Amino acid sequence: MEALIQTFFNPGIIAASWPIVRAGLWNTVLLSLLVVPLGLIGGLILALLASVRNPAVRWPLMAWVDFFRAFPPLVLLILLFAGLPFAGLELGGFVCVAIAFFLNTGAYYGEILRAGIDSVPGGQIEAARSTGLSRLQAMAYVVLPQAVRNVLPDLLSNTLEVVKLTSLGSVVAVPELLYQARQAQSLTYNPTPIVVAAIIYFLMLWPVVRLLSRLENRALAGR
Amino acid sequence: MGGWSRFLETFFNREVIERYLPAILKGVVVTIEIAAAVVVTGILLGLLLAVVRAFRVLAVNVFIVVFVDMFRALPPLVLVLLVYFGLPNIGINLPSFAVLWLVLALVLAAFAEEIFWAGILSIPNGQWEAARSTGLSFGQTLMSVVLPQALRLTIPPLTNRTIAITKGTALGTVVAVTEILGQASSAMSNSYNPSPLMMGAAAYLVLFFPVVVAGRWVETRFAWKR
């Protein structure tokens, strides 16, 4: 028992590595605050384009979305980070993470928002248009608020996945929580910092998981 | 040499592609093996946990909920590193592909349990009561009445989640599993040329694009009519 604590919850190492890990936590929060809105904007653009019910627009969009859903985000990230320099374009880890998330999570958010927009009956748009609202106004004031409400659990679930995905930044040396913990781990030769990072992720995201599981059970049970 | 041919020469270098094609194909086999193992064990374990949860034994259910919440809240990469660097400290040495399989299977099991459980909850109580009143036992009711209806409901969300988690096999590259991305990365640093990475990316598309398209079909085929 004593040995286990020394290995996984070593108090001395927790104290020594805390400043490093704390800096990582802060960066993870900042990174999430950047990539979640980026993904949402990307998704909104895709969903709005797809709401033009023209097959010539819809099919290429679907292919775009499926392309990025089929591509592991880590592969996309490494392609940008390690592949682009060969084309003379060095972007740095942080910018690569931002672009990869815009493309990858944008596709997921886009798919969710599209389903939301599809779930709003067509009569709503007709009614809104007949009161004199423009296409854009009808979309912004009538359709989108209902669409977002209909797919709120999915949006939240995807946002949870996005925050978890920021840990991929550690692979391209973005100093977020996991990267900092790994730095501390390699300095101390002890897995305690990674355990600490895991506990922080859990404390941060557990309330979201609880909320989600309630929303999901209610959504299914309500049918 | 024009810009376009220089681009091709760099990113789709024929010589490099020919040299590293066997390595990438080996990676494809490893990825398929791990992915298949993850899907089978993860979904079966998730189903088992949901069935056990239906018996509503409090102590057992608390354990299941804590397990599910933990594996839903933690990023898979954190779990992979935790298991990879943690287990040797308590005297267990797993090869890195086993670590990747174990972690992804547990993550999939957690998500699958939630989905199956939501499916079981969605079956109205009257169904339980009607089945029990015909003389079926609790277990028989669950297996022959509730699960067949619940499972149909779970297919679309389960398909999407399974695809998303299976793509996580790429995380293996961080702990030196010789899957596609791992093979492509080491081939790239050996040849100092990005062509292997392009091959790896193409391999992922060939593997996963049909699955994503099939998932879309499944989603409309099994959609619950409101």
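Higher on the page you've got the structure.
Residues numbered from 1 in each chain as written. Chains lettered and ligands numbered in written order. Predicted model: local features only at pLDDT ≥ 70, side-chain atom pairs only at ≥ 80, totals over all residues.

**Q** Kindly report on the interface of chain B and chain A, identifying the contributing residues and their values.
**A** Across the boundary between the two partners, chain B contributes 40 residues, which contact 37 residues of chain A. Contributions of two or more residues to the side of chain B that touches chain A are made by α1 (3-11), α3 (58-73), α4 (76-86), α5 (96-121), α8 (180-191) and α9 (195-221) of chain B. The element that contributes the greatest number of residues to the side of chain B that touches chain A is α9(B), accounting for 9 residues. Across the side of chain B that touches chain A, the residue classes break down as 28 nonpolar, 7 polar and 5 charged. (Contact = placed C-beta atoms within 7 Å. Helix = DSSP H or I, 4+ residues; strand = E, 2+ residues; numbered from the N terminus. Nonpolar A, V, L, I, M, F, W, Y, C, P; charged D, E, K, R; others polar.)

**Q** Summarise the nonpolar core; cite the residues concerned and give the values.
**A** In this structure, A:V75, A:L77, A:A197, B:V78, B:V80, B:V107 and B:L108 are the most contacted members of the largest nonpolar core, which totals 119 residues. Counting residues per element, this core draws most heavily on α5(B), at 18 residues. Among residues more than four places away in sequence, those in contact with A:A197 are A:V21, A:L177, A:L178, A:A181 and B:V78. (Core = buried A, V, L, I, M, F, W, Y, C linked by C-beta atoms within 7 Å. Buried ≥ 20, exposed ≤ 12 C-beta atoms within 10 Å, placed from the backbone.)

**Q** Which residues make up unusual backbone geometry, and what values do they have?
**A** Unusually for a residue other than glycine, A:Y189 sits at a positive phi of about 55°. With respect to the secondary-structure elements, A:Y189 resides in the loop between α9 (177-188) and α10 (192-221). Note on A:Y189: 8 C-beta atoms within 10 Å, which makes it exposed. Although it is not a glycine, B:Y192 sits at a positive phi angle of roughly 45°. By secondary structure assignment, the location of B:Y192 is in the loop between α8 and α9. Residue B:Y192 is classed as exposed on the basis of its 8 C-beta neighbours within 10 Å.

**Q** Give me the environment of B:I120: which residues, what numbers.
**A** Residues and elements named next belong to chain B. Topologically, I120 is positioned in helix α5. For I120 and T154, which are 34 residues apart along the polypeptide, the C-alpha to C-alpha distance reads 9.3 Å. Those residues in contact with I120 that sit more than four places away from it in its chain are A50, A54, V146 and A150.

**Q** Which residues make up the packing of helix α4 (residues 73-83) of chain A against α9(B), and what are the values?
**A** At their nearest, the axes of α4(A) and α9(B) sit 11 Å apart, and the two run at 165° to each other. Relative to α9(B), α4(A) is oriented roughly antiparallel. Pair α4(A) / α9(B) crosses with left-handed handedness. Here α4(A) contributes A:V75, A:I78, A:L79, A:A82 and A:G83 to the contact with α9(B), which in turn contributes B:L197, B:G200, B:A201 and B:Y204. For the contact of α4(A) with α9(B), a count of residues per class yields 7 nonpolar, 2 polar and no charged. (Axes fitted to C-alpha atoms, helices over the stretch in contact; angles between N-to-C directions. Parallel < 35°, antiparallel > 145°, perpendicular 65-115°, else oblique. Left-handed = near helix turned anticlockwise from the far one by under 90°.)

**Q** Got a sec to walk through the packing of helix α5 (residues 93-118) of chain A against helix α8 (residues 152-165) of chain A? Specific residues and values, please.
**A** All names here are of chain A. Orientation of α5 relative to α8, taken along the N-to-C sense of each, is 165°, at an axis distance of 10 Å. In terms of orientation, α5 and α8 fall into the roughly antiparallel class. Judged by the sense of rotation from one axis to the other, the crossing of α5 with α8 is right-handed. On α8, the residues touching F101, T105, Y108, Y109 and I112 of α5 are D154, L155, N158 and V162. Looking at side-chain class alone, the contact of α5 with α8 contains 6 nonpolar, 2 polar and 1 charged residues.

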